[in-house]
Amino acid sequence: MVVNPRNTFFATKRLIGRRYTDAEVQSLAKQVPFSIVASPNGDAWVADDKGKKYSPEEIASFILMRLRKVASDHLGCDVNRAVITVPAYFDNHQRQATEAAGKIAGLHVERIINEPTAAALAYGIAREEDKVVAVYDLGGGTFDISVLEIGGGVFEVKSTSGDTFLGGEDFNTALSNHFIKLFLKKENIDLSQDKVALQRIREAAENAKHELSTRDSVSVSLPYIYVDPKGIPKNFDAVITKKQYEDMVDGLISKSLDPCRVALKDAGMTIDDITDVILVGGMTRMPKVKEYVKNFFKKEPFIGVNPDEAVAVGAALQGGLIDNKGLVPGSSDREIVLLDVTPLNLGIEVTTGELAVIIPAQTAIPCTRTHTFTTIADFQTQLHTKVYQGNRPIARDNRLLGQYLVTGIPPAPAGVAKIDVTFACSANGTINASSRDRAAGVTQGITIQMAGGLSDAQIEKMRKDAEMFKEADEKRQSQLRVGEKAKSLISTTQHGISTLSSNAATTLSSQIQNVNNLIKLLQASIDKGDPKDIEEKMKALEEKSKVLLTEAYNLSAGPRNQ
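Residues numbered from 1 in each chain as written. Predicted model: local features only at pLDDT ≥ 70, side-chain atom pairs only at ≥ 80, totals over all residues. Heavy atoms only, no water.

Entered under Sequence similarities (unreviewed entry) in the UniProt record, the comment concerning the chain runs "Belongs to the heat shock protein 70 family." (UniProt positions renumbered as here; feature names shortened; annotations may be inferred.)

Structural data, given as structure tokens:
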């Protein structure tokens, strides 16, 4: 890495399934010595100093090829099947890219499972008592937190959260930046502009990080780190204490606690409900990380699993379960079931502009849900259906996944037609959305592949936006509902006036004009979006239209026989 920094790729896991224009990708591009470029379809790829481009899947496949060879040599046979683990917060595009890497490496990928779920499997497969566990997984590039219920052979993920741009690389960067600032202050030279020097600094920072997990201070010495224009070599020497290091990464550790709060809230649990906290990932060896986790969950983390090996052990166990048709290897009757969840609401846009949720966030997958809707206009024969994913109440504030048109609805008055909308979400994240008109018996819909869909940053932004804009969203919901009610009143009133006899229309012309004026005022109020004003003008219109239509009815009916 030091002698050939432009052609040595690392941290490419962070690029899998991401667009080149993503803010996180642009930030990473400033921290690494190699080039990050845009692929023909806009994905983030890497390039060597000769301009040859590689997709992150290709880089991952090189690693998998090496692992396959090591395993084959050790076992004395060809290994061609694999279970691959991914961060729980990977979206489907990232998962599909990971599976593609396996295929490139010549592997049949039997299953893609979440890293925290794999760690929980390693922890709980030999346990028969019921447990509620939190898996805190802080690795080299990503952070995940999952809450699972384990009991009766079922490993059920209740919720998951995380940050795929939080991990050991960020701790390395914090130390590297500290060293760069020290040298800049002393020599007035910015080492970040020298690719080779930067890589030496990063390597020294990572070594110092490891040593500070067991030592109170570390000396860093990098001779000939830079040669000035006069040919005079410069050395870098520094001492970093554990306290200094912990202070500079305190914000990174604290950042991991927000997803923990989200995961507990989504699971409908409190800290007291958690039986054990499992630490996974090399960064959890850092004493300060353990301290933060202990203080947050108010219990000592479980230390019975190796944080570096738990995920791999869980993946191996999953492979055994697949070969043994769900039964624990060596057992004829003990079955293990893994249930995961969808992280965000899935639904369709309704006439008010709101998101009608079909599959709520944190629903166990695979799953199928059906809701019944109806038409909003008389003799409506088609229905435009837009499918969204997200936790905001207004549909357009979420992610549009796809849309389709339901046609052939038999003409009927508004509200008569019954249309069943069904969402089926598979274990791999593929969504089938369909609508069926009960009268026609015809089903129409689409299959939505989540590739290129939501990134972890978008998911987290949606969660935060849902909290940040809660009051504004509620206000907009109120506006939409009152507005829809007002539009319905206008339509009903206009329909009533249109059916008046010529005699009634002539006799009541001045009252009709008054009602039409009130309709115009109400429409203007709807356009402004003030719920209180809309309610007032609706009340005025209701009163006048009721009097008008009553008098029109009496005129049409004529005098009654006594």
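More follows now that the structure is in view.
1. Brief notes about the sheet that holds strand β14 (residues 355-359)
Strand order in this open sheet of four strands is β14-β13-β17-β18, and the pairing throughout is antiparallel. Each edge of the open sheet carries a strand with a single partner, namely β14 and β18 (399-406). On average, each strand axis in the sheet is tilted by 30° relative to the strand beside it, whichever way the strands run. In this sheet, β14 lies alongside strand β13 (residues 346-349) in antiparallel orientation, the contact comprising four bridges. (Pairing = 2+ DSSP bridges. Helix = DSSP H or I, 4+ residues; strand = E, 2+ residues; numbered from the N terminus. Axes fitted to C-alpha atoms, helices over the stretch in contact; angles between N-to-C directions.)

2. Overview of the environment of Ala417
Looking at the secondary structure, you find Ala417 in the loop between β18 and β19 (419-425). With 23 residues separating them along the chain, Ala417 and Ala440 place their C-alpha atoms 9.7 Å apart. Sequence-distant contacts of Ala417, defined by excluding residues within four places in its chain, comprise Phe373, Thr374, Thr375, Ile409 and Asp437. (Contact = heavy atoms within 4.5 Å.)

3. Comments concerning a nonpolar patch on the surface
Together, Phe62, Met65 and Ile104 make up a nonpolar patch on the protein surface, roughly 260 Å² of accessible area in all. Its location among the elements puts Phe62 in helix α2 (residues 56-75). Residue class for Phe62 comes out partly exposed when judged on its relative accessible area of 41%. (Patch = residues over 30% accessible without salt bridge, like charges linked within 9 Å, V, L, I, M, F, W, Y side chains within 5 Å. Areas by Shrake-Rupley, 256 points an atom, 1.4 Å probe, with all protein chains shown as cover. Salt bridge = Lys/Arg side-chain N within 4 Å of Asp/Glu carboxyl O. Buried < 20%, exposed > 50% of the residue type's maximum accessible area, 1.4 Å probe, protein only.)

4. Structural notes on the sheet that holds strand β6 (residues 131-138)
Spatially, six strands are ordered β11-β6-β7-β8-β12-β15 in an open sheet, and the strand pairing comes out mixed. Edge strands, defined here as strands with exactly one partner in the open sheet, are β11 (276-280) and β15 (363-365). Strand-to-strand twist of the sheet, defined as the mean angle between neighbouring strand axes without regard to direction, takes the value 30°. Where helix α8 (residues 257-267) meets the sheet, its contacts fall on β6, β7 (143-151) and β8 (154-163), and the angle it forms with β8 comes to roughly 140°.

5. Things to note about the pattern of salt bridges
The tally for this structure, following the rule as stated, stands at 24 salt bridges. Between Arg202 and Glu169 there is a salt bridge, with its nearest N and O atoms 2.7 Å apart. Of the two residues, Arg202 sits in helix α6 (residues 195-211) while Glu169 sits in helix α5 (residues 168-187), which places them 33 residues apart along the sequence. Looking at Arg202, the relative accessible area reads 7%, which means it is buried. Taken together, the shared-partner salt bridges in this structure form one network comprising Arg18, Asp22 and Glu24.

6. Observations regarding the packing of helix α4 (residues 115-124) against helix α10 (residues 310-323)
At a minimum axis separation of 7 Å, α4 and α10 run at an interaxial angle of 80°. Overall, the two elements α4 and α10 adopt an arrangement that is roughly perpendicular. Facing α4, whose interface residues are Glu115, Ala118, Ala119, Leu121 and Ala122, α10 presents Ala310, Val311, Val313, Gly314, Ala315, Leu317, Gln318 and Leu321. A per-class count over the contact of α4 with α10 returns 10 nonpolar, two polar and one charged. (Parallel < 35°, antiparallel > 145°, perpendicular 65-115°, else oblique. Nonpolar A, V, L, I, M, F, W, Y, C, P; charged D, E, K, R; others polar.)

7. Re the packing of aromatic side chains
As enumerated under the stated definition, the model contains nine aromatic pairs in all. Their ring planes at 80° and their centres at 4.9 Å tell us that Phe296 and Phe297 sit as a pair that is edge-to-face. With respect to class, Phe296 is no different from Phe297; both count as buried. For the cation-ring pair, Lys52 lies above Tyr54, with the distance from its terminal atom to the ring centre recorded as 5.2 Å. (Phe/Tyr/Trp six-rings, centres within 6.5 Å; stacked < 30°, edge-to-face > 60°. Lys NZ or Arg CZ within 6 Å of the ring centre and 35° of its normal.)

8. Considerations on unusual backbone geometry
Geometrically, the link from Ile365 to Pro366 is a cis peptide bond, its omega value of 0° lying close to zero. In this structure, Pro366 sits in the loop between β15 and β16 (367-373). Unusually for a residue other than glycine, Asn188 sits at a positive phi of about 60°. Along the chain, Asn188 falls in the loop between α5 and α6. Of note in the backbone geometry, Tyr224 takes a positive phi value of approximately 55° without being a glycine.

9. What about the environment of Ser176?
Locating Ser176 in the fold gives a position in helix α5. Residue Ser176 is classed as buried on the basis of its relative accessible area of 2%. For the pair Ser176 and Glu203, spaced 27 residues apart in the sequence, the C-alpha separation amounts to 8.7 Å.

10. Considerations on the nonpolar core
Tyr136, Phe171, Phe236, Tyr245 and Phe297 are the most contacted members of the largest nonpolar core, which totals 51 residues. Of the residues that make up this core, three or more belong to each of domain 1 (12-167 + 251-339) and domain 2 (168-250). When near neighbours in sequence (up to four residues on either side) are disregarded, Phe171 contacts Leu138, Lys209, Tyr245, Val249, Leu252, Ile253, Met283 and Met286. (Core = buried A, V, L, I, M, F, W, Y, C linked by side-chain atoms within 4.5 Å. Domains from an automatic or database assignment.)

11. Some details on a negative patch on the surface
Taken together, the side chains of Asp530, Glu535, Glu536, Glu542 and Glu543 present a region of like negative charge at the surface. The topology assignment puts Glu543 in helix α15 (residues 531-557). Classification of Glu543 by relative accessible area gives partly exposed; the value is 48%. (Lys, Arg positive; Asp, Glu negative; His and termini not counted. Charge placed at Lys NZ, Arg CZ, Asp CG, Glu CD.)

12. Focus on α10
Taking 1.5 Å per residue, 14 residues should reach 20 Å; α10 reaches 20 Å between its end C-alpha atoms and fits that length. The set of residues buried in α10 consists of Ala310, Val311, Gly314, Ala315, Gln318 and Leu321. Angularly, the buried residues of α10 cover 135° about the axis, an arc narrow enough to put them on a single face. Residues of α10 that are exposed and angled more than 90 degrees away from the buried face: Ala312, Ala316 and Asp323. (Expected span 1.5 Å × (residues − 1). Arc of directions from axis to C-beta.)

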